[in-house]
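Below, each chain spelled out in residue letters.
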Amino acid sequence: MPHDLILEMQGINKSFPGVEVFNNFNFDLRRGEIHCICGENGAGKSTLIKILSGAYTQDKGSISIDGKTIENMTPRLAMKLGVQTIYQEHNLYPLLNVVENLFSGNELANGIILNKLKMIEKTKEVLAFLNSTISPYDIVGQLGSGEQKTVEVARAFINKSKIMILDEPTASFSKKEIDHLLDVIKTLAKEGISIIYISHHLEEVFRIADRVTVIRDGKKINTYDIQDLNEQTLITDMVGRDVSAFYHRGKAKIGDEMFRISNMSGIGVRNASFYVREGELIGIAGMVGSGRTELAELIFGYRKSFSGEIWIRGNKVRINTPFDAISHKMCFITEDRQNSGLFLDHTIVRNAVLASYAKSRKPIALPADDIRIARKYIKQMNIITPSIFQRVKFLSGGNQQKVVLAKWFATNGDIFIFDEPTRGIDVGAKEEIYKIMTQLLADGKCIIMISSDMPELIAMSDRIMVMRDGSMVAEINENEVNEQNILRLSIGGSN
Amino acid sequence: MNYEKSVPKKANREGLLKRALHHENFTMLFVLVIIIFMVIAVEFIFTRQMRFEDVAFIKGMNISNVLMQVAVTGILAIGMTLVMLMGGIDLSIGQMMSFIGVGMAYLLKTAGWSEWSVVIAGVAAAVFCQLVMGFIISRTKLEPFIVSLGFMTIYQGFVYLITNGREITLMGKFTFLGKTYIQVTDTFRLYATVLLFILLVVIVWLVMKYTKFGRRVYAVGGNENAAYLSGVNVKNFKLLIYALNGIFVALAAMAQMSRLGTGNPLMGSGKEIDVIAAVVVGGTALSGGKGNIWGTVIGVILLGIISNALNILGVSPHYQYIMKGVLIIVAVLIGYYSGMKTKAVKKAAH
C-alpha cells in the first residue's frame, strides 16, 4: 500500500424515508493529512460526518479505522477509536473555565480527588503547543468565537484523537481568527492527526488541504491532490445536479416595483439592497450561514436593524415589529416551522387564523368566522386532515407547511418571504407548494425566496441575489442563471 | 384520507356524547362527581341512625359556606389561569392579597377614607404592583417564578409594616361583598362573593371564546416566538395579563376582608399554593397554552370540597394537608394518563 490509510469507507449506503443520501459511497483518509470535503448545501456532507461520528448507522457498506473493520459505530465507540467531531456550533460548557472544559468527562485524578495541578499543567502545555494566548483560567463563554473553537480543538487533541472532523469551523470568524485556526490545524496534522475539513470557503480549502474530495448528491465525484486541482475544476465538479426534470412554472406578468430595501444592516447582514416587482420571484442564494435568514428576519421586523430603508410601492415605511410588517401586507414563512411558525399543540383552526387577527383592531373574533376562514384556506391549500380541529403536531411535514401558508394567506398579504419553503417535505407536497407559489405570482403578488435547494432556486426564480458573509455579492439575471454562477459567487471564487 | 366531509354526517346525539367524553375537562369533572358521592356515602355511614337528613355535607348551610370559601380562591384562580395559560406564573398573589387587604383596612379605619375610594385605591394599587412585576418579567428573560417569589417577599414585608402583625378590625364597615346574600331556601344562601365569582367566570369564559384577546392568550402560551411573528406584541400582552391578574387579586382581597370583617395579615398566606394547585388540577398546563376556565372552576371546587368534607368528618388538620397533597398528585396523574390515552387515539386515527 503506497499510503498509510487510517480510515476507509467502502460502499456506504444510507437512506432516509423518501430520500437516498448515499449510494455506494467510498472515501479514504491518510494518516496526517488534511482532507477537505466540498459540496453544495445538501450534498451529503453532514450525513457523512454523522455516520463517522456514530450518530447515524449506514444501511450498507463498511468502515474501517486503523485497519480494523468497525461493525456497529456508536458515538461512544467513535470517541474511543479517536474520532472527534467539532461541529459548527460551539459544544462547550460556557460557564466553566478552559481547564474544566478540556477535561470534562475524563478528569485526571488520584483516586477520587481531582489532580488540578496536573490538569492545569497539561492545559498550559497544549495551549502553548497550539500557539494560543488563552489562559487556562478563562471562562469559556467569555472567549471569542475563534478562541472557543481553539478550545474545542484542544479538547479533541487532549482526548488523543486520531481523526478530527471539523464541520464549517470558521463560520462567523474574523480574518485573524481564521488564520490562527488554520495554523492550529496544520500543526495538528504535522503531529500525525488526520483531519477531515469541511468548508464552503474556497480560499481556506486551497490554503490547507492536502487532498480534496468533491461530493454531490451523495456520490463521490472525485478526489484530487491539491496540486492537481484548480478552482474551475472544483466548481464544475460541485455543480451538475439535474435541473431539467424539475418543476417548470409559467412565468407571470411582471409589473411595477412592489418592495425595495436599501442598505439594510443588522446582526449578520451588511448593506443589503434589492427590489422585487409585482409577479416576480427573486431567489436569495448563498451557503448556510451567509446571513440569508438574518436578512429575512430583519426585513420582517423580527430583528432590529442598525440602518437601512424599506420602500413598499414607492412609499417609505418603518417596520420595527412583525406586527408592522403584517400591517404592510407582508408574510414570512419561516425556515423552522415547528419553532417559529406553528402552535403544535393547537388545532388547525387556531393556527390558521392567528396572523389574520393583526389586520384589524376589531376585538371580537367569532369562532364561526374562524372556522369559515380555516375551511376556506384548508381547501385552497389542499391540507389533508381528518378534521379542522386536528392538532397540527399530528400532521405530516408537508401538511404542516401548508397550515403555515394558510395562516399567511388568511392575512391577504402581497409580499411573501419564503425561507426554505420545502425543507423536509416529500416530493408531492413540494410540487403543490410550488403551484401555490406560482398562483401567488399570477395574482400579482411578489415573492422573496431563500433556498439552499439549487434546482428549486433556478426553476422558480426570476432573478437571483447571492449572499456571502452577510453581504449581497451579486445579482444574477434570468438569462445568466446557472448553477455554476450561483455556486462560484456563494463560495467566493473569482470570475 | 380526507375524513373531513364524512364526520358531520354521523348521528348527532352519538357525536354529542362522544364529544363530551373527549372534552378536556371530562376526566376532572368525573373525578369531582365521584368524590362528591364518596363524601356523601362515607358521611351517611358515619351518621348515627343512617339518616339522610343528618349528612352535614349536603345541608344548605354547609353548601353556602363551601361556595363562599371556594369563591375567594376561585377569583384568584381566574387571574392565575390567565397568567398560566400565557406561560407565566405568579407566586406573589397570596401575600399581595394580604397586602392589598390590610392596606384597604388601614385606609378605611385609620385614614378614614370612604368605602368607594378605598375600593378604587385597592384596585389601582394591585394593578400598579402587577404592572411593575409584569414589566420586569416581560422586558427581560428572567423566570417569572423567581421574580414573583421576590415580589411575594416584598409584599410580606409591607403587610407587617402596615399592621405590625396585628389585624385591623373594620368595625362593621365594608360588609357588602362578604356579608350580603340572597336567601334561596331556608338554609341555603348565595353570598355576593359567590355571585361575583360566577359573573367573573362567565365574563372570562366569553372573552376567551369570542375575542382575539382570548385566542392570543393561548397563542403566547403555546409558542411565544410564533405568536410574535404572527403579529402579537408579546411583551405588552404579558404586561396586560399581569395587570388583569392584579384586578382579580384586589377583588379577592376585598371579598376576604369583607367576609372576615378585619384586615388580617395572614388572610392570603399560602393562597398561592391553593390557587396554583386548583388551576393545575383543572387541567391547565404549567408550560402554558393548554387549559380553560371551566377546568379551573372544577379544580377549585374539588379542593374546596375535600377540605370541607375532611373537616366535617373530624379529620385532624394535620392529616388534611397530607390528604390534600396526595389528592393533587393523584388528580394530576389522572390528567396525565387520560391525556396520553387521547393522544394515542388520535395518533391511531391519523
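Residues numbered from 1 in each chain as written. Chains lettered and ligands numbered in written order. Predicted model: local features only at pLDDT ≥ 70, side-chain atom pairs only at ≥ 80, totals over all residues.

Visitor: What should I look at first to understand the overall build of chain A in this one?
Guide: If you tally the helices and strands in chain A, you get 17 helices and 22 strands. For 495 residues, the compact-globule estimate of 2.2 N^0.38 gives 23 Å, and chain A sits close to it at 25 Å. On the principal axes, the C-alpha backbone points of chain A span a range of 70 × 50 × 45 Å. Here the analysis covers contacts within chain A between residues at least 6 apart in sequence; of these, 70% occur between residues at least 24 apart. (Helix = DSSP H or I, 4+ residues; strand = E, 2+ residues; numbered from the N terminus. Rg over C-alpha atoms; globule rule 2.2 N^0.38 Å. Contact = placed C-beta atoms within 7 Å.)

Visitor: So what exactly am I meant to see when it comes to the overall build of chain B here?
Guide: From N to C terminus, chain B includes 14 helices and 4 strands. Relative to the globule expectation of 20 Å for 350 residues, the C-alpha radius of gyration of chain B, 22 Å, shows essentially globular dimensions. When its C-alpha atoms are laid out on the principal axes, chain B stretches across 70 × 65 × 35 Å. Burial analysis of chain B (350 residues in total) assigns 43% to the buried set. Considering only intrachain contacts with a sequence separation of at least 6, the fraction spanning at least 24 residues in chain B is 76%. (Buried ≥ 20, exposed ≤ 12 C-beta atoms within 10 Å, placed from the backbone.)

Visitor: Explain the domain arrangement of chain A to me, please; I cannot follow it from the model alone.
Guide: Interface size is commonly expressed as the accessible area that is lost once the parts come together. Residues and elements named next belong to chain A. Domains assigned within chain A are domain 1 (5-238) and domain 2 (257-491). Inter-centroid distance (C-alpha atoms) of domain 1 to domain 2 is 35 Å. The interface is formed by 12 residues belonging to domain 1 together with 11 residues belonging to domain 2. At 3 residues, helix α8 (residues 231-238) tops the list of elements feeding residues into the side of domain 1 that touches domain 2. Taken together, the residues that form the side of domain 1 that touches domain 2 break down as 4 nonpolar, 6 polar and 2 charged. (Domains from an automatic or database assignment. Nonpolar A, V, L, I, M, F, W, Y, C, P; charged D, E, K, R; others polar.)

Visitor: Would you mind going over the packing of helix α3 (residues 60-85) of chain B against helix α11 (residues 234-260) of chain B with me for this structure?
Guide: Residues and elements named next belong to chain B. Look at α3 against α11: their axes get within 8 Å of each other, and the N-to-C directions meet at 170°. Classified by the interaxial angle, the pair formed by α3 and α11 is roughly antiparallel. In this structure, α3 contributes M68, A71, V72, I75, L76, I78, G79, L82 and V83 to the contact, and α11 contributes I241, Y242, L244, N245, F248, V249, L251, A252, A255, Q256 and R259. Classifying every residue of the contact of α3 with α11 gives 16 nonpolar, 3 polar and 1 charged. (Axes fitted to C-alpha atoms, helices over the stretch in contact; angles between N-to-C directions. Parallel < 35°, antiparallel > 145°, perpendicular 65-115°, else oblique.)

Visitor: Before we go on, may I ask you to explain the interface of chain A and chain B in this structure?
Guide: Taken together, the contacts link 31 residues of chain A with 27 residues of chain B. A class-by-class count of the residues in the side of chain A that touches chain B yields 20 nonpolar, 8 polar and 3 charged.

Visitor: Please explain the pairing of strand β1 (residues 5-16) of chain A as it appears in this structure.
Guide: Successive residues of a regular strand alternate their side chains across the two faces of the sheet. For β1 of chain A and strand β2 (residues 19-30) of chain A, the ladder comprises 8 bridges, and the chain directions are antiparallel. Paired with F16 of chain A across the strands is V19 of chain A, a residue of β2 of chain A. (Pairing = 2+ DSSP bridges.)

Visitor: Whenever I open this one, the packing of helix α5 (residues 145-158) of chain A against helix α6 (residues 175-190) of chain A confuses me. Can you help?
Guide: When two helices pack together, their arrangement is captured by the angle between the axes and the distance separating the axes. Residues and elements named next belong to chain A. Two elements in contact, α5 and α6, have axes separated by 9 Å at closest approach and are oriented at 10°. Put simply, α5 runs roughly parallel to α6. Residues S145, G146, K149, T150, V153 and F157 of α5 touch α6, and the partners they reach there are E177, H180, L181, V184 and L188. Partitioning the contact of α5 with α6 into residue classes produces 5 nonpolar, 4 polar and 2 charged.

Visitor: Any chance you could explain the pairing of strand β16 (residues 305-312) of chain A here in plain terms?
Guide: Residue and element names in this part refer to chain A. Two strands pair when backbone bridges link them, and strand β13 (residues 257-266) and β16 are joined in this way by 6 bridges, in the antiparallel orientation. Across the sheet, the residue bridging to S262 is E309, located in β16. By the bridge criterion, 3 bridges tie β16 to strand β17 (residues 315-317) in an arrangement that is antiparallel. For I312, the partnering residue across the bridge sits in β17 and is N315. What sits between β16 and β17 in their antiparallel hairpin is a turn of 2 residues, with R313 showing a positive phi close to 50°.

Visitor: How should I be thinking about the sheet that holds strand β5 (residues 68-70) of chain A in this particular structure?
Guide: Residues and elements named next belong to chain A. Here 4 strands make up an open sheet; going across it, the order is β2-β1-β4-β5 and the pairing antiparallel. Of all strands in the sheet, those bounded by a partner on one side alone are β2 and β5. Averaged over all pairs of adjacent strands, the angle between strand axes in this sheet comes to 25°, irrespective of strand direction.

Visitor: Could you clarify how one ought to interpret the sheet that holds strand β3 (residues 34-38) of chain A in this entry?
Guide: Pairing between the strands of a sheet comes from backbone hydrogen bonds, and it takes one of two forms, parallel or antiparallel. Residues and elements named next belong to chain A. The 6 strands are arranged β6-β9-β10-β3-β11-β12 in an open sheet whose pairing can be described as mixed. Single-partner strands in this sheet number two, and they are β6 (83-86) and β12 (219-225). The sheet shows a mean angle of 20° between the axes of neighbouring strands, direction not considered. By the bridge criterion, 4 bridges tie β3 to strand β11 (residues 211-216) in an arrangement that is parallel. By the bridge assignment for β11, H35 is matched with R211. Sheet strands in contact with α8 are β3, β11 and β12, and its direction is about 25° off that of β11.

Visitor: What exactly am I supposed to notice about helix α13 (residues 293-312) of chain B here?
Guide: Because an α-helix completes one turn every 3.6 residues, residues spaced three or four positions apart along the sequence face the same direction. With 20 residues, α13 of chain B should cover 28 Å at 1.5 Å per step; its first-to-last C-alpha distance of 29 Å lies within 8% of that length. Just beyond α13 of chain B, the residue with positive phi is G314 of chain B, at close to 75°. (Expected span 1.5 Å × (residues − 1).)

Visitor: In this structure, what is going on with the environment of Q130 of chain B? I would like to understand it.
Guide: Within the fold, Q130 of chain B resides in helix α5 (residues 115-139). In this structure Q130 of chain B touches Y242, A243, N245 and G246 of chain B, once residues within four positions along its chain are discounted.

Visitor: Please clarify how the nonpolar core should be interpreted in this entry.
Guide: Within soluble globular proteins, side chains that are nonpolar tend to cluster in buried spots. One finds I417 of chain A together with V249 of chain B to be the most contacted residues of the largest nonpolar core, which totals 226 residues. It is α3 of chain B that contributes the most residues to this core, 14 residues altogether. When residues of this core are assigned to domains, at least three map to each of domain 1 (5-238) and domain 2 (257-491) of chain A. In this structure, I417 of chain A is in contact with A296, I299, F300, M330, C331, F332, I333 and I448 of chain A, ignoring residues within four places of it in sequence. (Core = buried A, V, L, I, M, F, W, Y, C linked by C-beta atoms within 7 Å.)

Visitor: What should I look at first to understand the environment of L440 of chain A in this one?
Guide: Residues and elements named next belong to chain A. Note on placement: L440 falls in helix α15 (residues 427-442). With 22 C-beta atoms counted inside 10 Å, the residue L440 sits in the buried group. For the pair L440 and F409, spaced 31 residues apart in the sequence, the C-alpha separation amounts to 9.7 Å. Dropping the residues within four chain positions of it, L440 is found in contact with F416, K445 and I447.

Visitor: For this particular structure, what's the right way to read α6 of chain A?
Guide: All names here are of chain A. Along its 16 residues, α6 runs 23 Å from first to last C-alpha, staying within 8% of the 22 Å computed at 1.5 Å per residue. Those residues of α6 not exposed but buried are H180, L181, V184, I185, L188 and A189. Within two residues after α6, G192 carries a phi angle of roughly 95°, on the positive side.

Visitor: What exactly am I supposed to notice about unusual backbone geometry here?
Guide: Glycine aside, residues mostly have negative phi angles, and peptide bonds mostly take the trans form. All names here are of chain A. Notably, R313 is not glycine yet its phi reads approximately 50°, a positive angle. Take R313: it is sitting in the loop between β16 and β17. A positive phi is found at D469, a non-glycine position, where the angle reads about 50°. Residue class for D469 comes out partly exposed when judged on the 17 C-beta atoms lying within 10 Å of it.

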